[in-house]
Amino acid sequence: MPKAIWLLVIGMVINVTGASFLWPLNTIYIHEHLGKSLSVAGIVLMLNAAGSVVGNLLGGALFDKIGGYRSILLGTVINLSALVGMTFWHDFVHYVIFLTMMGFGAGIIFPVVYALAGAVWPEGGRRSFNAIYVSQNAGIAIGSALGGFVASYSFDYIFTANLGMFILFFILAVFGYRQMSTVGGRASSVINESKPVKNKSKLTALFILCIAYMLCWVGYVQWQSTIASYTQEINISLKQYSLLWTINGALIVLGQPLIQLLVRPFKDNLKKQMIVGMFIFIISFGVTAIAGDFKGFVAAMVIITVGEMLVWPAVPTIANQLSPKGREGFYQGIVNSTATGGRMFGPLLGGMMVDLYGMTALFMALIGLLMIGLLLAFTYDRPLKKAENAPSVQTASY
């Protein structure tokens, strides 16, 4: 990989390691330490995600207008300001304010990093985005492993550790990203474009794909919210819960040789890769629904991790392939904002479902939503195929 990709990878590891001290424990902190209901916790996480949605869209637009370096610095300064405040004040009101600010700042950074990865190494294709995805999960493995351990002593240390890691990221961004070019070549299209395809059809296809992507995130985020709280109720310790995320991150990083074998049949068909991954998601929630101890949750986490290894890198790769030149940041902003939309509404919907109907009903609803997502993944590329066929039809009639 080029040096620029390695710098982005290292930065993402540092960034996500710091964030992973806190985000897996948000619901537990709000519910157990601040004494709020799961529904209230869901609303707080929704505000954090809403800030991220706005940040995602702004970050993508800023990338196209002012470049990656200044966009990342803006998001980093916002995050640092919020983390300094949260380190000193983390009662409920301050927690909500600073967590929303952190969502906004991080929301700016993520689409910019993905757009930069595609721009500085266009010939890398999916490898660029897979490298960023793996680095995120390396950070998750490190941060969540340390976070549960640190939190068992005091949550105050969690906020300090998060701040320290983001200061490191800020230093790297200032000195490492300054010379990065944001002008890259174009990757080949997800569908062979021997004929012109209108940008409108590409954007329509992306929106359909992103709705499926959002539904996947609605399910996945339950592991950070309702399932997190549920593990505490069935006497799975905080350290064991954090270990689940360590397993998740470690499997993604160490399991790359295995995943390369799995994706080989999908080398030229990212659509099939996503469909298989989403089907694995459905299986994982079936296992989670019947899990009654730590071993059952480990099995469910391993299964869903395999699914996300197929789905998560595929969507930004397709977005990069679909995006017109000069609009890469905007398209990555859409991808990240829809993922964040799933993280925004997921905890609220899950918390309300559990409060009203219980965990079993939640798992059934999640499986239903994922089936809808599967249908959308099957059909998202139809607008592209119609646009491809349109010129030949007009030529024949002429």
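Refer to the structure printed above.
Note that the coordinates shown come from a computational prediction; the quantities given were computed from them, not determined experimentally.

Student: What is the right way to look at the overall build of the protein in this model?
Tutor: Within the protein, the secondary structure is distributed over 17 helices and 0 strands. Computed over its C-alpha atoms, the radius of gyration of the protein comes to 20 Å, within 12% of the 21 Å expected for a compact globule of 398 residues. Projecting the C-alpha coordinates of the protein onto the three principal axes gives extents of approximately 75 × 50 × 35 Å. A total of 398 residues make up the protein; the buried ones form 59% of that total. Across the protein, the fraction of contacts at a sequence separation of at least 24, relative to all contacts at a separation of at least 6, is 85%. Accessible surface computed for the protein: about 16,200 Å², of which carbon and sulfur atoms make up 68%. Of the charged side chains in the protein, 24 are positive and 14 negative, and the gap between their average positions amounts to 12 Å.

Student: Before we go on, may I ask you to explain the packing of aromatic side chains in this structure?
Tutor: A ring pair, where both rings are aromatic, is described by two values, the distance of the centres and the angle of the planes. Inspection of the entire model under this criterion finds 17 aromatic pairs. A centroid spacing of 5.1 Å and a plane angle of 80 degrees characterise the contact between Trp 217 and Tyr 220, whose relative ring orientation is edge-to-face. Of the two residues, Trp 217 and Tyr 220 both sit in helix α8 (residues 199-220), 3 residues apart, roughly one turn of that helix. Its guanidinium or amino end placed over the ring of Phe 92, Lys 36 lies 4.7 Å from that ring's centre, counting from NZ or CZ. Here Arg 343 stacks its cationic end above the ring of Trp 217, 4.6 Å away from the centre of that ring.

Student: Help me understand the packing of helix α15 (residues 328-357) against helix α16 (residues 359-379) in this model?
Tutor: Axis angle and axis distance: for two packed helices, these are the angle between their axes and the distance between the axes, and together they describe the pair. Put simply, α15 and α16 touch, their axes get as near as 7 Å, and they point 135 degrees apart. Of the possible angle classes, the one that applies to α15 and α16 is oblique. Facing α15, whose interface residues are Gly 350, Met 353, Val 354 and Tyr 357, α16 presents Met 359, Ala 361, Leu 362 and Ala 365. Here the contact of α15 with α16 is built from residues that sort into 7 nonpolar, 1 polar and no charged.

Student: Mind showing me how you'd approach the nonpolar core here?
Tutor: One recurring pattern in soluble globular proteins: nonpolar side chains tend to sit buried together. In this structure, Leu 8, Tyr 177, Trp 223 and Trp 312 are the most contacted members of the largest nonpolar core, which totals 123 residues. The greatest single-element share of this core, amounting to 14 residues, is contributed by helix α5 (residues 92-120). Leaving out residues up to four positions away in the same chain, Trp 312 has contacts with Tyr 133, Tyr 213, Cys 216, Trp 217, Tyr 220 and Phe 281. Met 46, Ala 49, Val 53 and Leu 348 belong to the second-largest nonpolar core, a separate cluster that totals 5 residues.

Student: Help me out: how do you make sense of unusual backbone geometry in this one?
Tutor: Negative phi characterises most residues that are not glycine, and trans characterises most peptide bonds. Although it is not a glycine, Asn 235 sits at a positive phi angle of roughly 65 degrees. Relative to the helices and strands, Asn 235 resides in the loop between α9 (226-233) and α10 (238-254). On the basis of relative accessibility, which here comes to 71%, the residue Asn 235 falls in the exposed class.

Student: Where do I start with a nonpolar patch on the surface in this structure?
Tutor: A surface patch of nonpolar side chains, amounting to about 410 Å² of accessible area, comprises Ile 167, Leu 168, Ile 171 and Phe 175. On the basis of relative accessible area, Leu 168 is assigned to the partly exposed category, the value being 44%.

Student: Even after reading the chapter, I still don't get the packing of helix α6 (residues 126-151) against α10, so can you show me in this structure?
Tutor: Where α6 contacts α10, the axes come no closer than 8 Å and their chain directions differ by 160 degrees. Our classification of the angle between α6 and α10 gives roughly antiparallel. In this structure, α6 crosses over α10, and the sense of that crossing is left-handed. Where α6 approaches α10, its residues Tyr 133, Val 134, Asn 137, Ala 138, Ile 140, Ala 141, Ser 144, Ala 145, Gly 148, Phe 149 and Ala 151 are matched on the opposing element by Leu 238, Lys 239, Ser 242, Trp 245, Thr 246, Asn 248, Gly 249, Ala 250, Ile 252 and Val 253. Looking at side-chain class alone, the contact of α6 with α10 contains 13 nonpolar, 7 polar and 1 charged residues.

Student: I would appreciate a short explanation of the environment of Leu 374 in the present structure.
Tutor: Along the chain, Leu 374 turns up in helix α16. Classification of Leu 374 as buried rests on a relative accessible area of 12%. Setting aside anything within four residues of it in sequence, one finds Leu 374 in contact with Ile 275, Met 278, Phe 279 and Ile 282.

Student: So what exactly am I meant to see when it comes to helix α11 (residues 256-263) here?
Tutor: Counting along an α-helix, one turn takes 3.6 residues, and residues three or four places apart therefore face a common direction. Turning to α11, its buried residues are Gln 256, Ile 259 and Val 263. The buried residues of α11 occupy one face: seen down the axis, they fall within an arc of 55 degrees. Exposed and oriented more than 90 degrees from the buried face of α11 are Pro 257, Leu 258 and Leu 261. Along its buried surface, α11 packs onto α6, α10, α12 (270-290) and α13 (294-311).

Student: Would you take a moment to explain the side chain of Ser 128 for this structure?
Tutor: Checked against the element boundaries, Ser 128 lands in helix α6. Discounting residues that sit within four places of it in the chain, Ser 128 has contacts with Ala 117 and Trp 121.

Student: What am I meant to see in α6 here?
Tutor: Taking 1.5 Å per residue as the helical rise, α6 with its 26 residues ought to reach 38 Å, and the 36 Å between its terminal C-alpha atoms agrees with that figure. For α6, a buried count of 20 out of 26 residues is recorded, marking the element as mostly surrounded by other parts of the structure.

Student: Just to check I follow, could you spell out the side chain of Asn 79 for this structure?
Tutor: Tracing the backbone shows Asn 79 in helix α4 (residues 68-88). Exposure remark for Asn 79: the relative accessible area of 4% places this residue in the buried category. The contacts of Asn 79, once residues within four sequence positions are left out, are Met 101, Met 102, Gly 105, Ala 106 and Phe 166.

Calculation notes
Residues numbered from 1 in each chain as written. Predicted model: local features only at pLDDT ≥ 70, side-chain atom pairs only at ≥ 80, totals over all residues. Heavy atoms only, no water. Helix = DSSP H or I, 4+ residues; strand = E, 2+ residues; numbered from the N terminus. Rg over C-alpha atoms; globule rule 2.2 N^0.38 Å. Buried < 20%, exposed > 50% of the residue type's maximum accessible area, 1.4 Å probe, protein only. Contact = heavy atoms within 4.5 Å. Areas by Shrake-Rupley, 256 points an atom, 1.4 Å probe, with all protein chains shown as cover. Lys, Arg positive; Asp, Glu negative; His and termini not counted. Charge placed at Lys NZ, Arg CZ, Asp CG, Glu CD. Phe/Tyr/Trp six-rings, centres within 6.5 Å; stacked < 30°, edge-to-face > 60°. Lys NZ or Arg CZ within 6 Å of the ring centre and 35° of its normal. Axes fitted to C-alpha atoms, helices over the stretch in contact; angles between N-to-C directions. Parallel < 35°, antiparallel > 145°, perpendicular 65-115°, else oblique. Nonpolar A, V, L, I, M, F, W, Y, C, P; charged D, E, K, R; others polar. Core = buried A, V, L, I, M, F, W, Y, C linked by side-chain atoms within 4.5 Å. Patch = residues over 30% accessible without salt bridge, like charges linked within 9 Å, V, L, I, M, F, W, Y side chains within 5 Å. Salt bridge = Lys/Arg side-chain N within 4 Å of Asp/Glu carboxyl O. Left-handed = near helix turned anticlockwise from the far one by under 90°. Arc of directions from axis to C-beta. Expected span 1.5 Å × (residues − 1).

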